[in-house]
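Examination of the molecular architecture
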Amino acid sequence: MFLGEYSKSMNAAREAEELAEKGLSPEVKARAQMLQGNILLTIGEYTKAIVKYQKAANYYQKSNNKLYLGYCYNNMANTYKRSGQYELSLQYYKKFQELLEDKNKAGSAEKGIGDVMLLTGQVEEAFSHYNIALERYSHDKDYLGLVLALNGLGDAYLKQGKPLDAIQQYEQAIEISSKRRMDFANLATLHRKASALLLLDREAEALEWVNKAIEQATISGEKEELATSFRIKAEILIEKGDFKAAINALKSAQSTEEQYRGDRTVTQLTVMQALFESEAKEAQIAELEEQNQMLQLEQQVSQKRTENAWLTATLLLGMLGAIALWAMLMQREKIRLAKLSQQLTVARRQAEAATEAKSAFLARMSHEIRTPINAVTGLSRLALDSQNEREQRGHLVNILDAGEILLRLVDDILDFSRIEAGKLSIECVALTPRELLKSTLNMHIVQANAKGLALVEDIAADMPRQLLGDPWRIKQILNNLVGNAIKFTEQGTVTVRLCANPAPDQPDLLMLEGAVSDTGIGLSQDQQDALFQSFSQADDSITRRFGGTGLGLAICKQLCDLMGGRIWVESEPGHGSTFRFELPLKRLAGNPQPCQDSYLPKGIPDWSQYRLLLVEDNEVNRQVAIGLLQKTAIEIQVAEHGQQALDRLKDEFFDLVLMDIQMPVMDGLTAAILIRQDLELQLPIIAMTAHAMEADRQKSVKAGMDGHLAKPIDTQTLYSLLGKYLHTERYFSLASPDAESNEPTWQVEQLAGLNVKQAIARLGGNPQLYQSLLGAFFRDQNETARQLRQLLAQHDHSTLFRLIHSLKSSSAYIGASGLSAQCGALEAILEQGPCDPKPLLKVADDLEALLNTLAPVFESSDQSSPQAIDESELRSQLQQILALLKQSDFMVEEKLAALQKLLAGGPYAEQIARLVKKVDDVEYERAGELVTEMLAELQDAAPHHKLKVLNP
């Protein structure tokens, strides 16, 4: 073929076929037909390609040319594989193998069978055929075949969830391509390797390799590979948190795909036109030959002077009929080409319209994102400049509103992307419709009150208490519809109705019917027709007036479709709108179960019969996990990184592992993989991470983890998830709110920058645990600000990243949400490299200010008057501490702190100091051993004597 000039290639092949017919060379004609089949296969005309290959195969079969007959079968197998007809593909690959006398020449057939096996999910069979193909290609020194087979092996390893093995295959393929200067074969391998690296969370390396693929594809003009590379780059950038660059990469992928589809369509038209012109020329030659024969016949008739006029007339009529038939066929072909051209025009218009819509969406999205960002930066400057506390609070409230708007924008984009990619799964768990509706209305009551709107709930009296479905996605639909109703209504009422009716002909299903009605601006019929489409609102004036991305209703429709339901609108301009939806949900058999959106336990589960390994490097995070679990009486052992966890799991039995992801020495994903592969343990492993995206959950699953907990950890979610694996019929009674509220707590509600109530609520309403966490934060972070400045001066960005990551979760747990948010933004930047020093220095300053605010609280608590303690009282206190240690109770820290002050400078001060150190490191088991040793020493000591307190 003429280097991609397919129309010239088709003309040349047709001319070769014509010359072969004139020279009576059927073998040349068969070769020309094979070439035409190759061209048609390349441009996607699979049916016509099969016809050409079959004609060539018929000749080779008659002439017993097994070699070329095998080539025809191989080409036909490839064509059927490309068109998705895998059974026929396998048949022709096997026919090709049967014809080959030298089995070493069958590498392409083995590779093709491997491809089909992989496409149909038969991974082990694919491995077998790819390995045979490698042997055959090596024997035949077919380097292109070697590259293709290695790529296939890599893809098979990825199917098995073994990205490291896949990378080894891809690297061998890249080495062969580079040595043999086969850049065209290198492209697909480069972005394959990038995808495998992404699965291992090696985003920087993945980005490097995909950029190489983009560079090579740009140089070679391979637009299909270029578009694929851009899409993989977008996935990598999303993982890195660089959403702006990811959107640019997606735009490049879309633009390249449109160019590729346009070029492909033009190529198809030119090739088919060349084929048509060649066939038309052939028909003209046949017509001239017929005319020549007629003239000869007339001459014979004239010479013989016979009376065969009837015969002459018959022949003339036959010729006219042939000409008429040919003219009819020509007209049909012209009509077909005209229709094809018209379809191309329509396709181009649709592509242009889609591009225009998405361009408008990007412009609107840019505006929507810039508006809250400008608000955040501008109001932050005003807050910094203002000395008035009331003004500062007003600015902070507005900054919070802008941040929530940004969060909703990002959530919409991520949801839409997951749905478009087909990666959004629908769950089927117990849900409570009344609680779903109540939760939705609570989220919007403030906005409704601010606009003076009445928010009305109307739920059917016969609504079942619980149903089976996806509570989160149903709530998402309700939130979108109620939010839109409030946004587009200036006065009046927003009413939300829910009812459930039996589904027709499906007794086990109920149709959950919802309606959100408002007294807002209403919609015309044209505006209604434009709803539920991606990137669109009713019209641009609505966008300018009310804002929004135009994704909310599109997401609602896609969610309804995924759940087997439907959504529609009823509206008139000026008379408000009613958005209705129907969702088929299953009835809940037997007793109602706790639903996912509202975990209602019988009490605190009694897990005293279980052992749990907590793998967490951050002390505050360890204290949170232990504090939330201590009421369950479960035995908890601690490891500070993945390697320690592996060492303990080799020698000890545990029922469950709670595993952090970001840790020094060995991260959680690597540890999980080694637990499954090397230790071959099948105990449940639950991931704990601040990353809550679906892609992060998928990484946990691929590493062999069974569940995913997002930080900051919620008590109810923790109990619910662990309860799937730690079964019990015993429960502790829930503590009454009054009793808990009477417990002594620190008066820190007035501390600037801390949301104490929210933090305590997140810790299951445990003020003692919060007090302990706050104390640990004060102790552990005293040197952090200095370390941040020092690391910044040393340009040690990797250590800075780990320190900021740790500070982010620790500050979130004590309610320092502003500091945690600053750390989150810096973490995303530091993950990619250096950052602007100003925001980092701002974090250091804010941390110092927070510690200075906390200092009086802790310094005052450190002051105690001198007093004496005898050994019997010391034994009593040590026994209390030992009991707390066995229960992993954080109150042990407060007890120890008080005891340490009493014994300062005394004979037991050094032992108490070691004990405090073990408790600070959450080594409760070793601390318990030290207490036992001290109790034994006290038992042997006599006579009893008074211990004098020496601290001033």
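Looking at an unreviewed UniProt entry, one finds the protein named histidine kinase and attributed to Bowmanella denitrificans. Recorded under Catalytic activity (unreviewed entry), the UniProt text for the protein is reproduced unchanged: "ATP + protein L-histidine = ADP + protein N-phospho-L-histidine."

Another point: the pairing of strand E4 (residues 493–503). Pairing analysis gives six bridges linking strand E2 (residues 454–459) to E4, with the strands arranged parallel. Bridge assignment links Ile459 to a residue of E4, and that residue is Leu498. Strand direction decides the pairing type here: E4 and strand E5 (residues 506–518), joined by ten bridges, are antiparallel. Bridge pairing in E5 links Asn501 to Met511. Where E4 folds back onto E5 in an antiparallel hairpin, the turn is made up of two residues, including Asp505, whose phi is positive at roughly 65°.

Counting all residues, the mean pLDDT for the protein is 77, and 75% of those residues have values of 70 or more. Model confidence for the protein, summarised as mean pLDDT per element, is weakest for strand E16 (residues 946–947) at 36 and strongest for strand E11 (residues 656–660) at 94. Note on residues 736–750: pLDDT under 50 across the span, and 20 contacts to partners over four residues away in sequence or across chains. Per-residue pLDDT stays below 50 along residues 861–868; that stretch engages in eleven contacts with residues further than four places along the chain or on separate chains.

Here the focus is the pattern of salt bridges. For the structure on display, the rule yields 27 salt bridges. A salt bridge links Arg926 to Glu929; its shortest N-O distance comes to 2.7 Å. Highlighted residues: Arg926 and Glu929, both in helix H36 (residues 924–940), separated by three residues, approximately one helical turn. By relative accessible area, which is 39% here, Glu929 ends up partly exposed. Here the residues in one salt-bridge network are Arg611, Glu635, Arg648, Glu652 and Glu925, joined through shared partners.

Our focus in this paragraph is the sheet that holds strand E13 (residues 707–710). Strand order in the open sheet formed by five strands is E10-E9-E11-E12-E13, with parallel pairing between adjacent strands. Unpaired on one side and paired on the other, strand E10 (635–639) and E13 mark the two borders of the sheet. On average, adjacent strands in this sheet sit at an angle of 20° to one another, irrespective of strand direction. Relative to E10, strand E9 (residues 611–615) runs parallel, the two sharing five bridges. Looking at E10, one finds that Arg611 is bridged to Glu635. Each of E11 and strand E12 (685–689) touches helix H23 (residues 668–677); the most contacted strand, E11, lies at about 150° to it.

Reading guide: rules and limits
- Residues numbered from 1 in each chain as written.
- Predicted model: local features only at pLDDT ≥ 70, side-chain atom pairs only at ≥ 80, totals over all residues.
- Heavy atoms only, no water.
- UniProt positions renumbered as here; feature names shortened; annotations may be inferred.
- Pairing = 2+ DSSP bridges.
- Helix = DSSP H or I, 4+ residues; strand = E, 2+ residues; numbered from the N terminus.
- pLDDT = per-residue confidence, 0-100.
- Contact = heavy atoms within 4.5 Å.
- Salt bridge = Lys/Arg side-chain N within 4 Å of Asp/Glu carboxyl O.
- Buried < 20%, exposed > 50% of the residue type's maximum accessible area, 1.4 Å probe, protein only.
- Axes fitted to C-alpha atoms, helices over the stretch in contact; angles between N-to-C directions.

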